[in-house]
Amino acid sequence: MNDESGHEVSGVDLGRVWTSVAAEVWRRHPGPVERLAARLLRSPGLARALLTTPSLLLPWLISTAVVFGVGGLVNLVGGEPAAWLLAPGLAAIGIAYAYGPGIDPAWELASSMAVSDRMVLLVRAVAVFAVNAGLGLVASGITYWATARGLQAAGGHDTAAAATAVTFAWLIPMTAVCALTLAVAVVTRSASAGALTGVLAWAGTLLASRASSGAFTAAVTDSATYLPYLAVAACATAVVVYASHVPRRMQ
Amino acid sequence: MNVELTSVSRLFGHNKAVDAVSLDAGPGVLGLLGPNGAGKTSLLRMLATVLPPSSGEIRLLERDPGRTADRRDIRRRLGYLPQSLGYYPAFTVVEFIEYFALLKEVPPARLPGAVAAAVERVDLGAKARSRLRTLSGGMLRRVGIAQAIVNDPDLLLLDEPTAGLDPEQRVGFRALLRALGETSTVIVSTHLVEDVGAACSEVALMDSGHVVFRGTPDELVARGEGHGIGDAPLERGYSAVLQATRAAARGDGVAA
């Protein structure tokens, strides 16, 4: 290791020159997506943290696409719109594994950074929602296209209409399930515990919906459920904020 | 003072990892010595604003880490090397250091120069574009040191920085520490008393969560005069202080 920057030859600091050359050679130019994210988030650090999230990389995106693809196929042959019913659970898993000790290998280091770990968490959560919402819209469009072409089974038109409605409606239950998942993950410091809780809570909600109204889809289409979902989301968010808060006693 | 601790304690369940520690430090290199479980890592984690204290008061760089705006400012001026450096295996050396420089909010215009300077200071220029998964343990430790110093920190916290470094690298690292300590407060937790003797202007010795000695390396050496345990003068001082402390604890209280 060098404690001095280099040698001087005829008044030229070679160490400084080399460092300048190295800086240019090693310089990494951010891609257009990162530049756009940095502009939107007004933070190059946050943009880099978002785009290097291990759980938002290829495996997560592939698994999301596969689930939506399978859900779309299920719709085409009739029955419940599985993709939209699976989406909240899928998003919950994505949220749980987006951040935390044991998930992010450099979590301890990241916790000591000026860019708040809570902000990193927030933008990652928004990214998970955005990707799910985008894929949901694509799946919805495909369902409509299939209906128009007469590819769907008998009774498919109603299913397609319901599917379009839930594409937007599931964002509300998804918010509640994701917030609950995050709260459990933060409190227990275990992404798996959070993911399991979120998935079980959503499965329980679907079963209850089926028992009370005869259809799983009532869990996302019944507007009477929206307020309870939002209340759960608000409570869980408060738990996350409290649990990830650096106590005032640090003063 | 860049570091001011007043009666700081940290509990994990019923275990008191840090017990009513009061400590201050200005520019210079402070070596934090002590046996396993003495509370060194917990103390460093609190100074790094990663772990809040259970009680007591902490001020860093004349700011209050309990306040969000102050904490952000402290973190911009902080360098931290954890005991166990987690890393992203697919990142290159430069990408990893740049990533944390961005999270420390180093201005983008200064970024390439700061990263290159940090890489050169830890002598990793030849490996700048290598993936982290291909590096040895000693090289990874140097990458960790580079990310810690990339923002020219006013407060640098290093937990076992020389673990895995070979003797030649350790000599270079000590010289780097001395250079950094001229302008910054550097706190180094280590088991290696020779690192303290060669690089530190002051020593704090911890045992069972308490700071049981604070002084210069020469003063620690003086404590060991006539003491039989240890090969080097500093080791004899280290052992003498620990034995005296433990004897006092068995008697009528903890010696400080």
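Some thoughts on the domain arrangement of chain B
All names here are of chain B. Segmentation of chain B into domains returns domain 1 (1–77 + 156–256) and domain 2 (83–152). Between domain 1 and domain 2, the C-alpha centre-to-centre distance is 25 Å. Across the contact, 16 residues belong to domain 1 and 12 residues belong to domain 2. Put simply, the parts of the chain that give the side of domain 1 that touches domain 2 at least two residues each are helix H2 (68–76), strand E6 (155–159) and helix H6 (167–181). A per-class count over the side of domain 1 that touches domain 2 returns seven nonpolar, four polar and five charged.

Considerations on the sheet that holds strand E7 (residues 185–189) of chain B
All names here are of chain B. Here we have six strands laid out as an open sheet, ordered E5-E6-E7-E3-E8-E9, and mixed in their pairing. Sheet topology places strand E5 (78–81) and strand E9 (210–215) at the edges, where each strand pairs with a single neighbour. Shown here is a sheet whose adjacent strand axes are inclined to one another by a mean of 15°, direction ignored. Here E6 runs beside E7; their pairing, made up of five bridges, is parallel. When the bridges of E7 are listed, leucine 157 appears paired with isoleucine 187.

With respect to the pairing of E5(B)
Residue and element names in this part refer to chain B. Because side chains alternate across E5, one face comprises the buried residues Leu78 and Tyr80, and the other comprises Gly79 and Leu81, equally buried. Bridge count between E5 and E6: four bridges; the pairing is parallel. Each bridged residue has a counterpart across the sheet, and for glycine 79 the counterpart in E6 is leucine 156.

A closer look at the nonpolar core
Ile97(B), Val115(B), Ala118(B), Val119(B), Ala146(B) and Val150(B) are the most contacted members of the largest nonpolar core, which totals 97 residues. Within the second largest apolar cluster, 33 residues are counted, among which are Ala87(A), Tyr97(A), Ala191(A) and Val240(A).

Things to note about the sheet that holds strand E4 (residues 55–60) of chain B
All names here are of chain B. In space, the three strands of this open sheet follow the order E2-E1-E4, with antiparallel pairing throughout. Either end of the sheet is taken by a strand with one partner, and the two such strands are strand E2 (15–25) and E4. Strand after strand, the sheet turns through a mean of 25° between neighbouring axes, direction not considered. As paired strands, strand E1 (residues 3–12) and E4 are joined by five bridges and run antiparallel to one another. Bridge assignment links glutamate 4 to a residue of E4, and that residue is arginine 59.

Quick word on the packing of helix H3 (residues 93–103) of chain B against helix H4 (residues 111–121) of chain B
Residue and element names in this part refer to chain B. Running from N to C, H3 and H4 cross one another at 125°; their axes reach a closest spacing of 10 Å. By the angle between their axes, H3 is oblique relative to H4. Note that H3 runs across H4; the crossing there is right-handed. When H3 is examined against H4, the residues Val93, Val94, Ile97, Glu98 and Ala101 are found in contact with a partner set consisting of Leu111, Ala114, Val115, Ala118 and Val119.

The rules we used
- Residues numbered from 1 in each chain as written.
- Chains lettered and ligands numbered in written order.
- Predicted model: local features only at pLDDT ≥ 70, side-chain atom pairs only at ≥ 80, totals over all residues.
- Domains from an automatic or database assignment.
- Contact = placed C-beta atoms within 7 Å.
- Helix = DSSP H or I, 4+ residues; strand = E, 2+ residues; numbered from the N terminus.
- Nonpolar A, V, L, I, M, F, W, Y, C, P; charged D, E, K, R; others polar.
- Pairing = 2+ DSSP bridges.
- Axes fitted to C-alpha atoms, helices over the stretch in contact; angles between N-to-C directions.
- Buried ≥ 20, exposed ≤ 12 C-beta atoms within 10 Å, placed from the backbone.
- Core = buried A, V, L, I, M, F, W, Y, C linked by C-beta atoms within 7 Å.
- Parallel < 35°, antiparallel > 145°, perpendicular 65-115°, else oblique.
- Left-handed = near helix turned anticlockwise from the far one by under 90°.

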